[in-house]
Amino acid sequence: QVQLVESGGGLVQAGGSLRLSCAASGRTFSSYTMGWFRQAPGKEREFVGAISWSDGNTYYADSVKGRFTISRDNAKSTVYLQMNSLKPEDTALYYCAARFRNIGYAVMEYPNWGQGTQVTVSS
């Protein structure tokens, strides 16, 4: 079990940038694949990207590829989501999630979730 706390959300103009952070508790952070998901009002929660526990490989949804970057600092038990060239359609509640070892792309594959941080992009 791992507890997750997101931070860094806010209001930004289109074209701007934000960096989200997700701090994890527990001593085995390095064994977890970390995912980022988002949920806009009236829509289902969707996969944004993930970073592997083993080799640090990253995986992204097509909608954010080339604009968002995920990184992790195992010494700080923290994962980051750098978001550039933000668009109004990126507006959502952003969640980080943790899954032991194997990479996952679906909400149901992640048993550990943070409370979410709001990102609002104005046009």
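Up top is the structure these notes are about.
Parameters at a glance
Residues numbered from 1 in each chain as written. Predicted model: local features only at pLDDT ≥ 70, side-chain atom pairs only at ≥ 80, totals over all residues. Heavy atoms only, no water. Salt bridge = Lys/Arg side-chain N within 4 Å of Asp/Glu carboxyl O. Buried < 20%, exposed > 50% of the residue type's maximum accessible area, 1.4 Å probe, protein only. Helix = DSSP H or I, 4+ residues; strand = E, 2+ residues; numbered from the N terminus. Phe/Tyr/Trp six-rings, centres within 6.5 Å; stacked < 30°, edge-to-face > 60°. Lys NZ or Arg CZ within 6 Å of the ring centre and 35° of its normal.

This part is about the pattern of salt bridges. Applying the stated rule across the entire model yields 4 salt bridges. Across the pair Glu46 and Arg38 runs a salt bridge, and its minimum N-O distance is 2.7 Å. In this structure Glu46 comes out as partly exposed when scored by relative accessible area, which is 35%. The partner of Asp90 in a salt bridge is Arg67, with the nearest N and O atoms 2.7 Å apart. Of this pair, Asp90 sits in the loop between β8 (78–83) and β9 (92–100) while Arg67 sits in the loop between β6 (58–60) and β7 (68–73), placing them 23 residues apart in sequence. Through salt bridges with shared partners, a single network forms among Arg38, Glu46, Arg67 and Asp90.

Another aspect to go through is the packing of aromatic side chains. Taken as a whole, this structure holds 8 aromatic pairs when the rule is applied. Between Phe37 and Trp113, the aromatic rings sit 5.0 Å apart at their centres with planes inclined by 55°, giving tilted as the arrangement. Linking Phe37 in strand β4 (residues 32–39) with Trp113 in strand β10 (residues 112–113), this pair joins segments that are 76 residues apart in sequence. Taking relative accessible area as the criterion, Phe37 reaches 0% and is therefore assigned buried. On the basis of relative accessibility, which here comes to 24%, the residue Trp113 falls in the partly exposed class. A ring pair is formed by Phe47 and Tyr105, whose centres lie 5.3 Å apart and whose planes are at 70°; its orientation type is edge-to-face. You can see Phe47 sitting in strand β5 (residues 46–51) and its partner Tyr105 sitting in the loop between β9 and β10, a full 58 residues away along the chain. According to the relative accessible area criterion, Phe47 is buried, its value standing at 15%. Relative accessible area serves as the criterion here: at 43%, Tyr105 is assigned to the partly exposed category. Its end group placed over the ring of Trp113, Arg45 keeps NZ or CZ at 4.8 Å from the ring centre. A cation sits over an aromatic face here: Arg72 above Phe29, 4.6 Å from the ring centre.

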